[in-house]
Amino acid sequence: MTIMTPPPGDVISDSSLSLSDPLGFDLNLKRLNHRCRWCDCEKSYSWRFVHVSQQQEDEEMLVPHSDLVDGTTQPMEVSETEAAVSTVENQQPAEDPPTLKFTWTVPNFSRQNTRKHYSEVFVVGGYKWRILIFPKGNNVDHLSMYLDVADAATLPYGWSRYAQFSLAVVNQIHTRYTIRKETQHQFNARESDWGFTSFMPLSELYDPSRGYLVNDTVYVEAEVAVRKVLDYWSYDSKKETGFVGLKNQGATCYMNSLLQTLYHIPYFRKAVYHMPTTENDAPTASIPLALQSLFYKLQYNDTSVATKELTKSFGWDTYDSFMQHDVQELNRVLSEKLEDKMKGTVVEGTIQQLFEGHHMNYIECINVDYKSTRKESFYDLQLDVKGCKDVYASFDKYVEVERLEGDNKYHAEGHGLQDAKKGVLFIDFPPVLQLQLKRFEYDFMRDTMVKINDRYEFPLELDLDRENGKYLSPDADRSVRNLYTLHSVLVHSGGVHGGHYYAFIRPTLSDQWYKFDDERVTKEDLKRALDEQYGGEEELPQTNPGFNNPPFKFTKYSNAYMLVYIRESDKDKIICNVDEKDIAEHLKIRLKKEQEEKEEKRKYKAQAHLFTIIKVARDQDLKEQIGKDIYFDLVDHDKVRSFRIQKQTPFQQFKEEVAKEFGVPVQLQRFWIWAKRQNHTYRPNRPLTPQEELQPVGQIREASNKANTAELKLFLEVELLVERPVPPPDKSKEDILLFFKLYDPEKQELSFSYDYTFSHIAFWYVGRLMVKSSSKPMDITGKLNEMAGFAPDEEIELFEEIKFEPCVMCEHLDKKTSFKLCQIEDGDIICFQKPLGNKETECRYPAVPSFLEYVQNRQHSLLTEQYLVRFRALEKPKEDEFVLELSKLHTYDDVVERVAEKLGLDDPSKLRLTSHNCYSQQPKPQPIKYRGVDHLSDMLVHYNQTSDILYYEVLDIPLPELQGLKTLKVAFHHATKEEVVIHNIRLPKQSTVGDVINELKTKVKLLVYFLKLVYSFFKLWILMISPYSYKFDVMRVILRLCLIQVELSHPDAELRILEVFYHKIYKIFPLTERIENINDQYWTLRAEEIPEEEKNIGPNDRLILVYHFAKETGQNQQVQNFGEPFFLVIHEGETLEEIKNRIQKKLHVSDEDFAKWKFAFMSMGRPEYLQDSDVVYNRFQRRDVYGAFEQYLGLEHTDTSPKRAYSANQNRHTYEKPVKIYN
């Protein structure tokens, strides 16, 4: 037995295996490609390969040969190919992949005295190869055999080549016993040979009776196929195939495969191009324009195309892009949407012309002349896979005749019950035939959805006229030849809970197939497109043929899911030419502009090394940013004016650019270079010298920028006199350039916004001064007062802003000490303020240092260990109620205590928190368990994102106690009234459904008793005050409604609980079922009285399901259920007319409305409309028949009822959203 197992957690591709070995014998098989389950990218992993023989357990090493024995290196021994005879067969042209079969005759095999033995060199794909064998084994008691790169020693550095190959030892007595092993490898300098250390036991090889060694001669064969070494990241789909792929937004591979299929139907593409759009339309709001844009880019782009515009035009958000849907469902929804958009245009009817066919449902009596027929249209056909070997078998099953006889006789109008034949025949097939293969089915035995991976074949040519037109109705036009050729194969790889979609397409119906796998397009052969997509099981090749080893099989989880055929007689019309004349001029202009912008960005990046980015900060930037965007240092350089200048441009020429931009003459400009100090601050350091200004900008950047980035950061010093620039003063070594900030503690308020700015500016930049280093701060206080707008003699305090990382350092500056002694230098920042005096206690941050520390702490709360967490009540998940500043290291107890304190709640254990889903922007389905996480950071994380939202609930009992209980939300339906009441039943988890019913009865009785008392009290009070008051009449009505909502029809009424999902009943819970196994998160639990007629059901009566339904608008007219489903007892021989009377009475429907209702027998979603004279009893199977649960009596009418808040699709979260295109 041979077993291969993947690394844990990945989904295997169709050529891989999905089994594990219980014995666990290890064996290396390196570098087999498989598909990652999370992102669907191709990866290369090391695999374990296990070989278990019936008679012995050998370790078979599929690795490069090793010469290590006991840790010592053995010298390489190259033997001569003594009288070796070789032949080359089946030499093929040098195509991709070139293949060659090489046979090596090895004489005197048993007398070989060299450890290694090489064959002569042979060439495949332009590369030199040879076979290497170890006749006595490579440190094992097996023949060791490898494929070797013959000229590895002389190849250039970094060489690599990829080959698929097999090695064989020929059995000269019975060739069927030839031992052959296959593998694949990417050869390189480190691994220049690859093969099998334990190819076959030496005892078998040297036994003449076995047939491998005859006349002391062994025949060795090698079949080698050389493929290109394809680097995933550098692979160019357009260059290799002429086509480009579509980018995956997260889980949109299903959509990509469908879009590629539709795009490669040229007639469809041409119709999309001819849909009317205007230059004023926005692609994100117009499906036609977005689809036109997408198709245009697929036709003319050189790289993969994004689909975000299209999905936005669908009305989808990011959450929809991460939700994988069914490609068949999307195909129907998109077709209907496009059909609607094409109405009233020149391409109206295109969808029908391409995809619409018709079939006839018929019922024909056998013994009387009566036949009922109904014509229906279809856009695609759903074919059974289970129990069918191929497409023809599915069509046979589709038109299979069903006999209506015995208990299931047909009620023919005017003839009573008759034996009849029921079936479907096709009136016509469409030019483009879409076949949806039913790979997913509901397994009633296991109560779950399953994927059918059975082998299912489909032909390259499909003849639907076969056997004298057995699929065609008598009304079909026999002159139309229904011969189809395969155009596309859409593949699903994976299981029922997820997977990956891709498509094999031959765009021109030639022999060349292409695989469209998201961004990657590759050429494929017919075998890959057809044979390997049939599904089913595959056998591993025998390691020892002829020795009765049982074959080992594995299931292939990649298989065809949707097939597209094009009728031969229509292919010239459908595979038509589509060129620029079909494309609207405004679309070409728009997309050409987009392409030019994209190309400009590409050139910008490509030429970045030739340019220098110069960022120029000015006083205006400091004034705009300090106190608003920043508080520390002087400026955010990402928000100042930047210039992109060629490195060789003289700096003087750059100054002319600045003069044009800012209106400052060249001679009045002085530039300072910024420098990063050791304390991590960034300040203007020195002005450029006249000599530096004569250099090119690139040279200045290199000299000033130790970080070696492409940016040069400068500060432009401009002196103003009466708002006009004047020459800057000369600067000597004694002069220091200082910058000044003003703080007003009386303006400062503590209300921060989320970007950490104050509601009133309390801190701002007032200007700069050039001072002498020998002067003192007191010498400039008058000038500072003038800059601040203070009185000339105002007393001020000065502080030096030194640094802010890792902590704030802002020190008081002695006004009587010189700047030089204070170690003040160019670029330093001095903050000043009025002293508060007696008002100091009134301000929380009275001085600059305390204010800057506060600012830094608040900023760190965002960047380091603090979070501002928004809390929302769970019942109002869109509204922020309050914000708390919490540490990410806060424990579960810390968080709930802070929330309880905010809410004024005495017992924090009565709080329950729920995390936020960053994708759906809703609460997660499951709340956080009591102490179920360690820290706040664990509550906020969602996959690789961090949220700032938590939801809370206030419970009536402590959470630890609640977690020992099970709470079920049960909708109680009154027996005769339409009112529904939601009850939250809370019981110990080990309780049963019977306990829930008892609790429900108790609750109902208590409510009835209580409300009767309340009603009596209010009735007396109302009469005493004002019996004629309008508002009390309203109260009287409300109280009456409260009473009838909770009453049972009689005290001893029996109750049952049903499981309802999307308006269908799926289960009646037995009384003994434990409630801990019941999930009411997605399914509605409905409690109701058991009607007396069901208790007294007779032996010849049947209990059937009755559902409301309506057909969707559009060609497909899918059935959509709505309203409240229910059970109904029907009697033998009872006609539809009799049953209708009972249903009308039960549902309280007026005669006028009821006359519009239609009644149908529904089986597997297909309606068969009934006449009043039909006997309904005969339509329904026994309950023990497989599939009977999908049979029901359908009531077709318009849904006019209000939506219930408790219905399944109104739950807080749904299991999976259906595909919707909203625009």
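Residues numbered from 1 in each chain as written. Predicted model: local features only at pLDDT ≥ 70, side-chain atom pairs only at ≥ 80, totals over all residues. Heavy atoms only, no water.

One can find K1140 in helix α26 (residues 1136-1147). Once residues within four sequence positions are removed from consideration, K1140 is found in contact with F1154, F1159 and D1172. (Helix = DSSP H or I, 4+ residues; strand = E, 2+ residues; numbered from the N terminus. Contact = heavy atoms within 4.5 Å.)

Taken together, the side chains of K247, K308, K312 and K598 make up a positively charged region of the molecular surface. Within the secondary structure layout, K308 lies in helix α6 (residues 308-313). For K308, a relative accessible area of 52% translates into the label exposed. (Patch = residues over 30% accessible without salt bridge, like charges linked within 9 Å, V, L, I, M, F, W, Y side chains within 5 Å. Areas by Shrake-Rupley, 256 points an atom, 1.4 Å probe, with all protein chains shown as cover. Salt bridge = Lys/Arg side-chain N within 4 Å of Asp/Glu carboxyl O. Lys, Arg positive; Asp, Glu negative; His and termini not counted. Charge placed at Lys NZ, Arg CZ, Asp CG, Glu CD. Buried < 20%, exposed > 50% of the residue type's maximum accessible area, 1.4 Å probe, protein only.)

Pairs of aromatic rings are described using the distance from one ring centre to the other and the angle between the two planes. Summed over all chains, the structure comprises 47 aromatic pairs. Between Y501 and Y561 the ring centres are 5.9 Å apart and the planes differ by 50°, which places this aromatic pair in the tilted class. Of this pair, Y501 sits in strand β28 (residues 498-505) while Y561 is found in strand β33 (residues 558-567), placing the two residues 60 residues apart along the sequence. Accessibility classification places Y501 together with Y561 in one group, the buried group. Geometrically, the ring pair formed by F882 and Y952 is tilted, given 5.8 Å between the ring centres and 40° between the ring planes. Pair noted here: F882 is in strand β47 (residues 882-887) and Y952 is in strand β53 (residues 949-954), with a separation of 70 residues, a long-range link. This pair shows no difference in class: F882 is buried, exactly as Y952 is. Across the ring face of F662, the terminal group of R618 is positioned such that the distance to the ring centre comes to 3.9 Å. If you follow R1102 out to its NZ or CZ, it ends over the ring of Y1177, 4.3 Å from the centre. (Phe/Tyr/Trp six-rings, centres within 6.5 Å; stacked < 30°, edge-to-face > 60°. Lys NZ or Arg CZ within 6 Å of the ring centre and 35° of its normal.)

Mapped onto the present numbering, the UniProt feature "coiled-coil region" (unreviewed entry) falls at residues 577-604. From the first C-alpha to the last, residues 577-604 spans 36 Å; its make-up is 71% helix and 0% strand. (UniProt positions renumbered as here; feature names shortened; annotations may be inferred.)

The next point concerns the sheet that holds strand β22 (residues 420-428). Sheet architecture is open: 4 strands sit in the order β17-β16-β22-β19, paired in antiparallel fashion. The sheet is open, and its two edges are formed by β17 (371-378) and β19 (402-404), each paired on a single side. Taken over all neighbouring pairs, the strand axes of this sheet differ in orientation by 25° on average, direction set aside. Relative to β17, strand β16 (residues 357-365) runs antiparallel, the two sharing 8 bridges. Note on β17: the bridge partner recorded for I363 is S372. (Pairing = 2+ DSSP bridges. Axes fitted to C-alpha atoms, helices over the stretch in contact; angles between N-to-C directions.)

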